[in-house]
Amino acid sequence: MSFTNRLKKSFTFISLILTSYSLTACANQGNQKQVSIDGAAVGFPISLAVAEEYHKQNENAVVSVASSGTGGGVSKFCAGEIDIVAASRTIKDEEVAKCKKKNIEFIELPIALDGIAVIVNRQNDFAKCLTIAELKKMWSSKSNGKVLSWNQINPKFPNEKMKLYAPASDTGTFDYFTQAITGKAKNSRTDYNPSHNQNNLVQGVAGEKYALGYVGISYYIQNQDQLNLVAVESLTGKCEKPVPVDNVVKNIYTPLSRPLFIYVSKKALDKKPSVKEFVNFYLENSWKWVDSVGYVALPDDAYVKVKQKLATGETGTKFKKAKPGQPITNFI
């Protein structure tokens, strides 16, 4: 089944599952296994696929899956409104503080890997590899309203106006890309075309000859016949792409390879058996769908360590200290 068809199927499933909740909550509330998950658009298809399979095996289960972005999801999570938040970046210090104020302890569980793909229009035959310095010049806040043409990035590029597309500023993809490329959080220009829907970004770049954008790797793979994938000069000085996906697994595609997470409320795990059951199911089964929906599975030893982390109930974040090029297993 194609990525697009799976998404359509998954959205239909979620609509049905939410409808079933509204119909059965009053009639059979005691038998309900309720779990709520919200968060990143990147990684959203994994949670949908897991929820679908879980529901097949647990007919009384009601798993509500939403995607309001990493920032929106974490905000709900730290307010105690949801059990699990899916995130395409590490939880921030200020978010940890908000959770602490509400006595929300969390367990940080990486569930897959992703590479942020830099994409250009199919007709673009000059931006084949960009350095970190060139990307920084393109996206830094200092370039806002000033760096507008391709030849300002590289004099060998045409004197044509760039049209830039990127995720909205409250998304995990925006946060991760901005930090990795500019070295500073929120240090991004604002005169670009933002969207929470990365399919809109893909269509924008596909429709503009001199456009450039960045999206999660799955959105490139789904639309690669409409786009060109730009290589990024890695920390070793080589031009690398997130495809083949081994470049992401081996952390060759740096600094734009990243783990995807779920953060689970310790309180929900302790007090709601349904949450513990679902998260265990998630870790046991999510790898089955990771590749099919366009992401990259963790190394086998990482899955073992993630399961151990859940079993011991270790709270807090370790990935705040992670740097590009370091193995993911160092921080689980």
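In this report, the structure presented in the accompanying data block is examined. Within every chain, residues take consecutive numbers counted from 1 along the sequence as written. The model is predicted, so local features are restricted to residues of pLDDT at least 70 and side-chain atom pairs to those at 80 or more, both for listing and for counting; the totals for chains, interfaces and linings are taken over all residues. Processing note: side-chain calculations cover all non-hydrogen atoms of the structure and skip hydrogens and water entirely.

Focus: the state of the cysteines
Phase 1: Disulfides are defined as cysteine sulfur pairs within 2.5 Å. This structure, assessed with the given rule, holds 2 disulfides.
Phase 2: A sulfur-sulfur separation of 2.0 Å characterises the disulfide bridge that pairs Cys78 with Cys99. Its S-S torsion of about -70° marks the bond between Cys78 and Cys99 as left-handed, since a negative value means left-handed. Of the two residues, Cys78 sits in helix α3 (residues 69–78) while Cys99 sits in helix α4 (residues 93–101), which places them 21 residues apart along the sequence. Here the two residues Cys78 and Cys99 agree in accessibility, since each one is buried.
Phase 3: The side chain of Cys129 participates in a disulfide bridge whose partner is Cys239; the two sulfur atoms lie 2.1 Å from each other. Helix numbers and strand numbers start at the N terminus; a helix is a DSSP run of H or I with at least 4 residues, a strand a run of E with at least 2. Three labels apply to residues, based on accessible area from a 1.4 Å probe with only protein chains included: buried if under 20% of the type maximum, exposed if over 50%, partly exposed otherwise in between.

Digging into the pairing of strand β9 (residues 227–233)
Phase 1: Buried residues dominate β9, accounting for 6 of its 7 residues.
Phase 2: Both strand β4 (residues 106–121) and β9 contribute to a ladder of 4 bridges, which runs antiparallel. Directly across from Val120, in β9, lies its bridge partner Asn228.
Phase 3: Pairing of strand β5 (residues 129–130) with β9 involves 2 bridges; the strand directions are parallel. By the bridge assignment, Leu130 is partnered in β9 with Val232.
Phase 4: A loop of 5 residues connects β9 with strand β10 (residues 239–240), the two strands running antiparallel in sequence, and Gly237 in this loop sits at a positive phi of about 90°. Pairing between strands is defined by DSSP: at least two bridges between the two strands are required.

Section: unusual backbone geometry
Most peptide bonds are trans, and most residues other than glycine sit at a negative phi.
Phase 1: Along the chain, Val243 connects to Pro244 via a cis peptide bond; the corresponding omega equals 5°.
Phase 2: For Pro244, the position within the fold is in the loop between β10 and α10 (246–249).
Phase 3: Its identity as a non-glycine residue notwithstanding, Asn103 has a phi of 60°, on the positive side.
Phase 4: Relative to the assigned elements, Asn103 resides in the loop between α4 and β4.
Phase 5: For Asn103, a relative accessible area of 61% puts it in the exposed group.

Details of helix α2 (residues 44–57)
Phase 1: One fewer than the residue count of a helix, multiplied by 1.5 Å, yields its expected span. Compared with the 20 Å implied by 1.5 Å per residue over 14 residues, the 20 Å span of α2 between its first and last C-alpha is a close match.
Phase 2: Most of α2 sits out of view: 10 of its 14 residues are buried.
Phase 3: Listed as buried for α2 are Phe44, Pro45, Ile46, Ser47, Leu48, Ala49, Val50, Ala51, Glu52 and Tyr54.

Side note on the nonpolar core
Phase 1: With 71 residues, the main nonpolar core has Ile46, Phe77, Leu109, Ile262 and Val279 as its most contacted residues.
Phase 2: Considering each element in turn, this core owes the most residues, 8 residues, to β4.
Phase 3: When checking whether two residues touch, look at their non-hydrogen atoms; a contact exists if any pair is within 4.5 Å. If we ignore the near neighbours within four places in the chain, the residues touching Ile46 are Ile111, Ala112, Tyr282, Ser286, Val290, Val293 and Tyr295.
Phase 4: Ile116, Leu135, Met138 and Trp150 belong to the second-largest nonpolar core, a separate cluster that totals 26 residues. Definition of nonpolar core: a set of buried residues of the types Ala, Val, Leu, Ile, Met, Phe, Trp, Tyr and Cys, connected through side-chain atoms within 4.5 Å.

Side note on empty space enclosed by the protein
Phase 1: Lining residues are those with an atom within 4 Å of a point, where the points come from a 1 Å grid over the protein atoms alone and group into cavities, where a 1.4 Å probe fits but cannot get out, or pockets, open sets with protein on both sides within 12 Å along at least five of seven lines. Grid points are joined across faces, edges and corners, and a volume is the space filled by probe spheres set on the points. With the rule as written, the count across this model stands at 3 cavities of 30 Å³ or more.
Phase 2: Estimated volume of the largest cavity: approximately 70 Å³.
Phase 3: Surrounding the largest cavity, 13 residues form its lining, Ala41, Val42, Thr171, Thr173 and Gln198 being those nearest its centre.
Phase 4: Sorting the residues of the lining of the largest cavity by element identifies α3 and α7 (172–182) as the ones contributing at least two each.

Description of the pairing of strand β6 (residues 163–167)
Phase 1: For β6, the buried fraction is high: 4 of the 5 residues fall into the buried class.
Phase 2: Sheet topology note: the β6/strand β8 (residues 211–216) ladder contains 3 bridges and is parallel. Considered in β8, the bridge of Tyr165 is made with Gly213.
Phase 3: Inspection of the sheet shows β6 paired to strand β7 (residues 193–195) by 3 bridges, in the parallel sense. If you follow Pro167 over to β7, its bridge partner there is Ser195.
Phase 4: Read as a crossover between parallel neighbours, the route from β6 over α7 to β7 is right-handed. Think of it like this: strands point away, you trace from the first strand over the helix to the second, and a clockwise trace means the crossover is right-handed.

Digging into the packing of α2 against helix α12 (residues 273–285)
Two quantities define a packed helix pair, namely the angle between the axes and the distance from one axis to the other.
Phase 1: In this analysis, axes come from line fits to C-alpha atoms, helices being fitted only over the stretch in contact, and the angle between any two N-to-C directions falls in the range 0 to 180 degrees. The geometry of α2 relative to α12 is characterised by a closest axis approach of 10 Å and an angle of 115° between their N-to-C directions. Handedness of the α2/α12 crossing: right-handed. Seen from α2, the contacting residues are Ile46, Ser47, Val50, Ala51, Glu53, Tyr54 and Gln57; seen from α12, they are Ser274, Glu277, Phe278, Phe281 and Tyr282.
Phase 2: Of the residues assigned to the contact of α2 with α12, the class counts are 7 nonpolar, 3 polar and 2 charged. The hand of a helix crossing depends on one turn: near helix anticlockwise from the far one by less than a right angle means left-handed, and clockwise means right-handed. Any residue outside Ala, Val, Leu, Ile, Met, Phe, Trp, Tyr, Cys, Pro, Asp, Glu, Lys and Arg is labelled polar, Gly included; the first ten of those are nonpolar and the last four are charged.

Considering the environment of Phe331
Phase 1: Its place among the elements puts Phe331 in the segment after α14 (300–312).
Phase 2: As for Phe331 and Lys318, which are separated by 13 residues in sequence, their C-alpha atoms are 5.5 Å apart.

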